[in-house]
Amino acid sequence: MGKTTFNISKNDNFSEWYSEILAKAEIVDLRYGVKGFVVIRPWGARIIEKMYKIYESALRATGHSSVIFPAVIPEGNFEKESSHVEGFAPDVFWLEKKQGEERLALRPTSETAFYDLYKIWIRSYRDLPMKIYQRANVFRNETKATRPLIRSREFHWIESHDAFASKKEAEAQVRDDIVMTEEVMHKIFGVPFLAMKRPEWDKFPGAEYTIGSDSIMPDGRIIQQPSTHLISQHFVKAFGLKFKDDKEKDRVPWLTCYGPAMSRILASVISVHGDDAGLVLPYTLSPVQVVVIPVGKEKTEDRRQKTELINKIRADLMKDYIDVEIDDSEKRAGEKFFYWEMKGVPFRIEVGAREIEKGEVVVFIRDTREKVSVKIEDLAETIKNFGAEYDERLIARANEDFASRIIDCSSKSEIKKVLDSGKIARVGFCSCDKNGKSCAEFIEKELQARVMGTLASESETTEDRGQRTGKKLGKCLFCGKKANVVVYAGKSY
Ligand SMILES: [Zn+2]
């Protein structure tokens, strides 16, 4: 007899749950045998494809065009900006050098590829703003332990590289990038996050500043999702980028970049929404939104009627662009139910003699496990409404969990307790410029946690927070100096 539940508790043993779900729901295959590289199987690839589609239409709606760059970057380009090289060099996979040719890097990120062409493409203020993205896989030689989709040596992302005539426009783009993360990753994929301005010591190599979005996994670990950067003018000058303004005067453009990684966001989608019966996919992202399963045994005549009804249901749903699949395989009905629940398909419809007779079907709803009777003629409309409600429920549940995991702390022992219980500590901290670095190192060493940064979209003061919670956050708990900023700290992958 087949196993009828998935039966690993996500909350008790997230790590095991995550590994099992990736295998059982056929998201990835780890048997390729190269550390940090995984095969993404059809079910995973179809989800990622939907994510790309949504993200890319959001980018196009904000004036971006797509481009396809080579996967290799000549060493000379890569080395033009010193802090970028310093930051990325240890991660680079170099290709074997061919005699008489320049050494090539497999791209770890593509600023140094794009800017080499931007030097040619950007001539005049009329060429600006230039907003271009590419869908790409990038490679980083991760030396720490890798985890599929979370920390890999290859990831599948979108990188947008934008150029503007003024700093003001570039900074507006950075804010727009955060809005896009909110609109897509949070409001469609259901993954809540904090947009964090990174401390000086943790910004992108070559950036003036970096804003990262941090999500949390069920075990309390922070996972960095899309980050956006205002590129430093030093970087811009290293590439010799300039343009003529409307008075024919030479000026230097301002650059931003943004990098949402679909494979990594998928890790969050799986982890945030899944339950002890398997995946729970947002209706919008599920490769199959409705699965139809024939049930019962009957005479030939009735079977013909059943097939007709199932085909009619499929046609009706497809007319409304609902992704539907019929499972008429030889498996027993119970096994099919288990299989599609584990795959995270939002709705299951069973069709048997009773349904033919009554003209209505029972819809099983994956997240709440409710069963609802729906008239066949109303099915497409009802599924669309149910789908919207389904995603709202998933987002609300994720938000509630996320909010409950941020705790103000006013002592070191409190921070430790909060971090050990899978939460994020919000604390008063001396400073996020280089002066705060030693306190951050202390947090890293003593508490195995990372200072994520300060809130990017609003400024929080220790006084405000203190008033809200009655806790004293006015002093840095690590050096005793005045706390000038409110930072968030968490354990990370
Ligand atoms: Zn301090």
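This section reports on the structure supplied with the text. (Residues numbered from 1 in each chain as written. Predicted model: local features only at pLDDT ≥ 70, side-chain atom pairs only at ≥ 80, totals over all residues. Heavy atoms only, no water.)

1. Quick look at the overall build of the chain
Turning to step 1, where the next piece is worked out: Counting secondary structure elements, the chain contains 15 helices and 23 strands.
Turning to step 2, where the next piece is worked out: Against the compact-globule benchmark of 23 Å for 493 residues, the chain has a radius of gyration of 26 Å, which places it among compact chains.
Turning to step 3, where the next piece is worked out: Summarising its shape, the C-alpha atoms of the chain cover approximately 80 × 60 × 45 Å along the three principal directions.
Turning to step 4, where the next piece is worked out: Burial status across the chain gives 53% buried among its 493 residues.
Turning to step 5, where the next piece is worked out: By sequence separation, contacts in the chain at least 24 residues apart represent 70% of the contacts at least 6 residues apart.
Turning to step 6, where the next piece is worked out: Accessible surface, the chain: about 22800 Å² in total, of which carbon and sulfur atoms supply 50%.
Turning to step 7, where the next piece is worked out: Taken as two groups, the 80 positive and 77 negative side-chain charges of the chain have centres that lie 3 Å from each other. (Helix = DSSP H or I, 4+ residues; strand = E, 2+ residues; numbered from the N terminus. Rg over C-alpha atoms; globule rule 2.2 N^0.38 Å. Buried < 20%, exposed > 50% of the residue type's maximum accessible area, 1.4 Å probe, protein only. Contact = heavy atoms within 4.5 Å. Areas by Shrake-Rupley, 256 points an atom, 1.4 Å probe, with all protein chains shown as cover. Lys, Arg positive; Asp, Glu negative; His and termini not counted. Charge placed at Lys NZ, Arg CZ, Asp CG, Glu CD.)

2. Remarks on the nonpolar core
Turning to step 1, where the next piece is worked out: Core analysis: the biggest nonpolar cluster contains 59 residues, and Tyr-18, Ile-27, Trp-43, Tyr-55, Leu-149, Phe-189 and Ile-270 have the highest contact counts within it.
Turning to step 2, where the next piece is worked out: Not counting the four nearest positions on each side in its chain, Ile-27 is found in contact with Ile-21, Leu-22, Val-39, Ile-40, Arg-41, Trp-43, Gly-44, Ile-47, Leu-149, Leu-266, Ile-270 and Leu-279.
Turning to step 3, where the next piece is worked out: Tyr-118, Ala-163, Ala-207 and Val-236 belong to the second largest nonpolar core, which has 27 residues in total. (Core = buried A, V, L, I, M, F, W, Y, C linked by side-chain atoms within 4.5 Å.)

3. Brief notes about the coordination of the zinc ion
Turning to step 1, where the next piece is worked out: Every protein donor of the zinc ion is listed here as Cys-430 (SG), Cys-439 (SG), Cys-476 (SG) and Cys-479 (SG), and their distances to the metal cover 2.2 to 2.4 Å.
Turning to step 2, where the next piece is worked out: The coordination sphere of the zinc ion comprises four donor atoms, whose angles at the metal cover 102 to 115°; the geometry is tetrahedral.
Turning to step 3, where the next piece is worked out: Sequence positions of the residues that donate to the zinc ion give the spacing C-x8-C-x36-C-x2-C. Note that Cys-430 is positioned in the loop between strand S21 (424-429) and helix H14 (437-447) and Cys-476 in the loop between helix H15 (462-469) and strand S23 (485-490), a separation of 46 residues in sequence.
Turning to step 4, where the next piece is worked out: On the accessibility criterion, Cys-476 (2% relative accessible area) is buried. (Donors = N, O, S within 2.8 Å, 3.2 Å for Na, K, Ca; no water. Tetrahedral: all angles 85-135°; square planar, octahedral: opposite > 155°, others 65-115°.)

4. Quick notes on the pairing of S21
Turning to step 1, where the next piece is worked out: Of all six residues that make up S21, six are buried, and the element is covered over most of its length.
Turning to step 2, where the next piece is worked out: Every second residue of S21 is oriented toward a common face, with Ile-424, Arg-426 and Gly-428 on one face and Ala-425, Val-427 and Phe-429 on the other, all of them buried.
Turning to step 3, where the next piece is worked out: Relative to S21, strand S20 (residues 406-408) is paired through three bridges, and the arrangement is parallel. Bridge assignment links Asp-408 to a residue of S21, and that residue is Arg-426.
Turning to step 4, where the next piece is worked out: You can see the chain leave S20, run along helix H13 (residues 412-420) and come back into S21, and the turn it takes is right-handed. (Pairing = 2+ DSSP bridges. Right-handed = clockwise from strand over helix to strand, strands pointing away.)

5. A short note on the pattern of salt bridges
Turning to step 1, where the next piece is worked out: In this structure the tally under the stated criterion is 38 salt bridges.
Turning to step 2, where the next piece is worked out: For Lys-50, the salt bridge is made with Asp-323, and the minimal N-O distance between the two is 2.7 Å. Of this pair, Lys-50 sits in helix H2 (residues 42-61) while Asp-323 sits in the loop between helix H9 (300-319) and strand S16 (324-326); the two residues are 273 residues apart in sequence, bridging distant segments of the chain.
Turning to step 3, where the next piece is worked out: Here Arg-151 makes a salt bridge to Glu-142, at a shortest N to O gap of 3.3 Å. With respect to class, Arg-151 is no different from Glu-142; both count as buried. (Salt bridge = Lys/Arg side-chain N within 4 Å of Asp/Glu carboxyl O.)

6. Description of the environment of Gly-352
Turning to step 1, where the next piece is worked out: Structurally, the position occupied by Gly-352 is in the loop between strand S17 (347-351) and helix H11 (353-358).
Turning to step 2, where the next piece is worked out: Assessed through its relative accessible area of 2%, Gly-352 is described here as buried.
Turning to step 3, where the next piece is worked out: Placed 49 residues apart in sequence, Gly-352 and Arg-303 show a C-alpha to C-alpha distance of 8.8 Å.
Turning to step 4, where the next piece is worked out: Every residue in contact with Gly-352, bar those within four places of it in the chain, is listed here: Val-295 and Lys-306.

7. Overview of empty space enclosed by the protein
Turning to step 1, where the next piece is worked out: Applying the stated criterion across every chain, the model contains three cavities of 30 Å³ or more.
Turning to step 2, where the next piece is worked out: When its volume is computed, the largest cavity comes out at roughly 60 Å³.
Turning to step 3, where the next piece is worked out: Of all the secondary structure elements, the ones that give two or more residues to the lining of the largest cavity are strand S2 (37-40) and strand S8 (154-164).
Turning to step 4, where the next piece is worked out: Taken together, the residues that form the lining of the largest cavity break down as four nonpolar, four polar and one charged. (1 Å grid on protein atoms, 1.4 Å probe; cavity = no way out; pocket = protein on both sides within 12 Å on 5 of 7 lines; lining within 4 Å. Points joined across faces, edges and corners; volume = space filled by probe spheres on them. Nonpolar A, V, L, I, M, F, W, Y, C, P; charged D, E, K, R; others polar.)

8. Overview of a nonpolar patch on the surface
Turning to step 1, where the next piece is worked out: Taken together, the side chains of Tyr-32, Val-34 and Val-39 make up a nonpolar region of the molecular surface, amounting to roughly 280 Å² of accessible area.
Turning to step 2, where the next piece is worked out: When you line up the elements, Val-34 lands in strand S1 (residues 28-34). (Patch = residues over 30% accessible without salt bridge, like charges linked within 9 Å, V, L, I, M, F, W, Y side chains within 5 Å.)

9. Some points on the sheet that holds S16
Turning to step 1, where the next piece is worked out: Strand order across the open sheet formed by five strands is S16-S15-S17-S18-S19, with mixed pairing between neighbours. Edge positions in the sheet fall to S16 and strand S19 (371-375), since each of these pairs with one other strand and no more. The sheet shows a mean angle of 25° between the axes of neighbouring strands, taken without regard to direction.
Turning to step 2, where the next piece is worked out: Relative to S17, strand S15 (residues 290-294) runs parallel, the two being bridged by five bridges. (Axes fitted to C-alpha atoms, helices over the stretch in contact; angles between N-to-C directions.)

10. Some remarks on the sheet that holds S20
Turning to step 1, where the next piece is worked out: Spatial strand order, S3-S7-S8-S14-S11-S10-S9-S22-S23-S21-S20: eleven strands in an open sheet with mixed pairing. Each having just a single partner strand, strand S3 (65-66) and S20 make up the two edges of the open sheet.
Turning to step 2, where the next piece is worked out: Relative to strand S10 (residues 207-216), strand S9 (residues 194-197) runs antiparallel, the two sharing four bridges. Along S10, the bridge assignment pairs Met-196 with Gly-212.
Turning to step 3, where the next piece is worked out: Against the sheet, helix H12 (residues 379-403) contacts S9, S10 and S20, and its axis sits at roughly 110° relative to S10.

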